[in-house]
Amino acid sequence: MKFLVYIETDLGDVVASSWEALGAALSLSDDVEAVVIGDRVSVAAEEAVERGAKKVYVVEDETRAMFDLERCLADVKNVLSMSGADVFLASHTNNGRDLAAALGVGSGAGVIADALELSLEDGRLKGVRGIYSGNILVDVTVDGSPQIATLRPRAFAPAEKAEGRSAEVVLVDPMDVDSPYEVLGVQRAEKGEISLTEASIIVSGGRGVAKDPELGFDLIRELAGVLGGAVGASRAAVDAGFISYDHQVGQTGKVVRPDLYIACGISGAVQHLAGMGSSKIIVAVNKDPEAPIFSVANYGIVGDLFEVVPALTEAAREKLGK
Amino acid sequence: MRYLVCIKQTPDTAELPKISPEEAASGKLSVNLVVNPWDEHAIEAGLQLMENYGGTTGAVTVGEEGAIDALRSALAMGCKDATLVKHDDEIDAWGVAELLAAAVRHDGDVDVVLTGQMTVDGNSGAVPVALARKLGWPVLTGVAKVVELTDDSITVERVVGQARLTVKAPTPVVVSVIKEIGEPRYPTFINIRKAARVKIPELTAEELGVDVPAPVVHMSNFRKPPARDAHVKLFEGTPQEAAAALIDALLEEKVL
Ligand SMILES: Cc1cc2nc3c(=O)[nH]c(=O)nc-3n(C[C@H](O)[C@H](O)[C@H](O)COP(=O)(O)OP(=O)(O)OC[C@H]3O[C@@H](n4cnc5c(N)ncnc54)[C@H](O)[C@@H]3O)c2cc1C
Ligand SMILES: Nc1ncnc2c1ncn2[C@@H]1O[C@H](COP(=O)(O)O)[C@@H](O)[C@H]1O
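Residues numbered from 1 in each chain as written. Chains lettered and ligands numbered in written order. Predicted model: local features only at pLDDT ≥ 70, side-chain atom pairs only at ≥ 80, totals over all residues. Heavy atoms only, no water.

K.L.:
So what exactly am I meant to see when it comes to the site of ligand 2 here?
P.N.:
All names here are of chain B. For ligand 2, the set of nearby residues contains 20 residues, the closest of which are Cys6, Asp39, Val62, Gly125 and Ala126. The backbone of glycine 116 places a nitrogen or oxygen atom 2.9 Å from an oxygen atom of ligand 2. When ligand 2 sits alone it has 480 Å² of accessible area, and the protein chains cover 96% of it. Mapped onto the shell around ligand 2, the elements with two or more residues apiece are strand E4 (56-63), helix H4 (93-107) and helix H5 (127-135). (Near = heavy atom within 4 Å. Polar contact = N/O pair within 3.5 Å; in protein donor to acceptor, adjacent residues only side chain to side chain. Areas by Shrake-Rupley, 256 points an atom, 1.4 Å probe, with all protein chains shown as cover. Helix = DSSP H or I, 4+ residues; strand = E, 2+ residues; numbered from the N terminus.)

Structure (structure tokens):
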């Protein structure tokens, strides 16, 4: 089975979960190719080689600096026809999701969307995914060629780098397509800010910060900073205006999958759990010992977050030597 | 201007954990059904466009007879009309997109089709793009704000990953919104009364002249996810003592 993996780039940088898609492919096949589309992507292409792709198709052009559905789709279709891959994989990012949908619907091929696991059975790709917001798991197979899957970020181990690997790098001309999209402005998160979906550690705050929201989130941010994690929030905290929506975790926010999720002053409503229930380790800091969050948490401290969170920051600083 | 909002009737999110694998497999749910929460934001977006740029906003759903209730909710919020595309058989995202595309064409000169970001039951997030491809229209996903709508173009702010992009595209267009577009308004008393009395037109695939493609996504082995090891270990003592013990435990777990 030949796999083609889409390595998503953004202004030259690879979107980290792309390496997870490559890792998933390499765990199932030794015939794995990658396609890198962007502007100034030589480093990304090199890295795809180091991480084990057998062949890397590179579409490099100024017009590819930012993801454009129309152009990217045309390039991917072109590379697919050159590669003849049986399976196409991408990370289930916004762009990966849109690309896979456009590719699949165009040829009537199904998409295994947001897969948590992948395997091969009799030459057929089988995925496991959640439906009903993760409350039910199902096995999924798809008809059509290529078989397409998008992979939930942080659900698969990234392809490892190794030195001395070599691979054929094929430069592919960008397809000549008119895009209907005109980007008029770009505003980026500050450098160094960790994205929630890619974070391995998340510290989140809820309505429990209400008596002094500014101080509460400052304390949470400080702990996240010391741990090298990202800051999340419950919807109650977002709706109350304590923090912006892009931090919301849950049913109508982001679905996250960190190794460590620390919920501070969050009760653990099902809609919050829908976003963070598959974290590896869950820690709850809550003054109410009856809060439902304790029934999904691995560790907990019953207490006032305004005292406990700074104590955690202090202890972490000491023990991590920061 | 004409705006059409695609909505789906989905389980009340509070009841999602109650759904059994058998119910999920058969699609016959015993839980309370409401408008998919993301789609309430799409309705809100449609109503805002109507207020800011004139025209009318309609709602459309593909579903069984009971989905009429979701359409009544859209009317109660302020949509001017609603259409049920009745379909009872098994269908996947491409089938839904096919029917929605036909409904959009049937509607006439639609300028902006609005959708939610995803459904809380299917969770695919694929319908907006698929619908746009079927229509041959551009699609803007992750839309947090409509900056400007003109006779032939729309400018929006999209949130994509860690970036916020201002993007312009020609209309007609499919726009998939996120929560930031605005909190769904409450229905007014008068609209609820009116919505309850309206006769909601129904269309079928046949009437729309479409062949619904056979599903290409096959699901099996419906099951509950493994339960979390639910024995919480609590740390006691002063905040300092508890915190120190917790950090030790996390170091031992190798998550720090
Ligand atoms: C359609 C729909 C979608 C939703 N989507 C989301 C979503 O995406 N994300 C989400 O989070 N919610 C979502 N919700 C809302 C959800 O139902 C809850 O209302 C919300 O998660 C509650 O947030 P919270 O835990 O911060 O607040 P609360 O439930 O009010 O809990 C606050 C907690 O803080 C504790 N506390 C108070 N003071 C302190 C203190 N000083 N120190 C320590 N602990 C303290 C309290 O004991 C309590 O447990 C959604 C709801 C619906 C209906
Ligand atoms: N059966 C349906 N009828 C109308 N709109 C739908 C239907 N299914 C999905 N949609 C729209 O497509 C969006 C994304 O859904 P999905 O791709 O199924 O996660 C939803 O938020 C709706 O706006």
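K.L.:
In this structure, what is going on with the domain arrangement of chain A? I would like to understand it.
P.N.:
Many authors give the size of an interface as the accessible area that is lost as the parts come together. Residues and elements named next belong to chain A. The domain boundaries assigned to chain A delineate domain 1 (3-171) and domain 2 (196-320). The gap between the C-alpha centroids of domain 1 and domain 2 is 32 Å. With 9 residues of domain 1 at the contact, the number on the domain 2 side is 10 residues. Both sides of the domain 1 and domain 2 interface together cover about 750 Å² of buried area, and 44% of this is carbon and sulfur. (Domains from an automatic or database assignment. Contact = heavy atoms within 4.5 Å. Buried area = accessible area lost by both parts, 1.4 Å probe.)

K.L.:
Quick question: what am I supposed to make of the pattern of salt bridges here?
P.N.:
Side chains carrying opposite charge are able to pair once their charged atoms draw close together. Here the structure, examined in full by the defined rule, presents 32 salt bridges over all chains. Of the charged contacts in the structure, one is a salt bridge between aspartate 139 of chain A and arginine 223 of chain B, with a shortest N-O distance of 2.9 Å. One end of the pair, aspartate 139 of chain A, is in strand E10 (residues 136-142); the other, arginine 223 of chain B, is in strand E12 (residues 217-223), on a second chain. Accessibility expressed as a relative area gives 9% for aspartate 139 of chain A, which makes it buried. Between glutamate 65 of chain B and lysine 86 of chain B there is a salt bridge, with its nearest N and O atoms 3.9 Å apart. Within this pair, whereas glutamate 65 of chain B is found in the loop between E4 and helix H3 (68-77), its partner lysine 86 of chain B is found in strand E5 (residues 81-86), the two being separated by 21 residues in sequence. According to the relative accessible area criterion, lysine 86 of chain B is partly exposed, its value standing at 24%. Here the residues in one salt-bridge network are Glu121, Lys126 and Asp139 of chain A together with Arg223 of chain B, joined through shared partners. (Salt bridge = Lys/Arg side-chain N within 4 Å of Asp/Glu carboxyl O. Buried < 20%, exposed > 50% of the residue type's maximum accessible area, 1.4 Å probe, protein only.)

K.L.:
Just checking my understanding: could you explain the interface of chain A and chain B for this structure?
P.N.:
Contact residues are listed per partner, giving 86 residues for chain A and 81 residues for chain B. In total, chain A and chain B occlude about 6800 Å² of area from one another, counting both sides; carbon and sulfur atoms represent 61% of this. Looking only at chain A, the three residues that lose the most surface to chain B are Val105, Tyr132 and Tyr299 of chain A, adding up to 11% of its buried area. At the junction of chain A and chain B, the tally comes to 4 salt bridges. For the salt bridge of aspartate 248 of chain B with lysine 319 of chain A, the shortest nitrogen-to-oxygen distance reads 3.1 Å. At the boundary of chain A and chain B, one finds 36 residue pairs in polar contact (both at pLDDT 80 or more). Grouping the amino acids of the side of chain A that touches chain B by side-chain chemistry returns 45 nonpolar, 25 polar and 16 charged. (Nonpolar A, V, L, I, M, F, W, Y, C, P; charged D, E, K, R; others polar.)

K.L.:
Is there a simple way to explain the site of ligand 1 in this structure?
P.N.:
Near ligand 1 lie 27 residues; those nearest to it are Arg207, Ser234, Gln248, Ser267 and Gln271 of chain A. Around ligand 1, the nearby residues trace back to chains A and B. Within the side chain of serine 234 of chain A, a nitrogen or oxygen atom sits 2.6 Å from an oxygen atom of ligand 1. In this structure, glutamine 248 of chain A approaches ligand 1 through a side-chain N or O atom, which is 2.7 Å from an oxygen atom. Mapped by element, the contributors of at least two residues to the shell around ligand 1 are helix H6 (235-239) and helix H7 (270-276) of chain A. Partitioned by chemical class, the residues of the shell around ligand 1 number 7 nonpolar, 15 polar and 5 charged.

K.L.:
Even after reading the chapter, I still don't get the environment of valine 96 of chain B, so can you show me in this structure?
P.N.:
All names here are of chain B. Among the secondary structure elements, valine 96 is positioned in helix H4. With 36 residues separating them in the primary sequence, valine 96 and alanine 132 have C-alpha atoms 12 Å apart. Setting aside residues no more than four positions away along its own chain, valine 96 makes contact with Val62, Ile91 and Val127.

K.L.:
Explain a positive patch on the surface to me, please; I cannot follow it from the model alone.
P.N.:
All names here are of chain B. Taken together, the side chains of Lys80, Arg193, Lys194 and Arg197 present a region of like positive charge at the surface. With respect to the element layout, arginine 193 can be found in helix H6 (residues 189-197). We classify arginine 193 as partly exposed; its relative accessible area is 46%. (Patch = residues over 30% accessible without salt bridge, like charges linked within 9 Å, V, L, I, M, F, W, Y side chains within 5 Å. Lys, Arg positive; Asp, Glu negative; His and termini not counted. Charge placed at Lys NZ, Arg CZ, Asp CG, Glu CD.)

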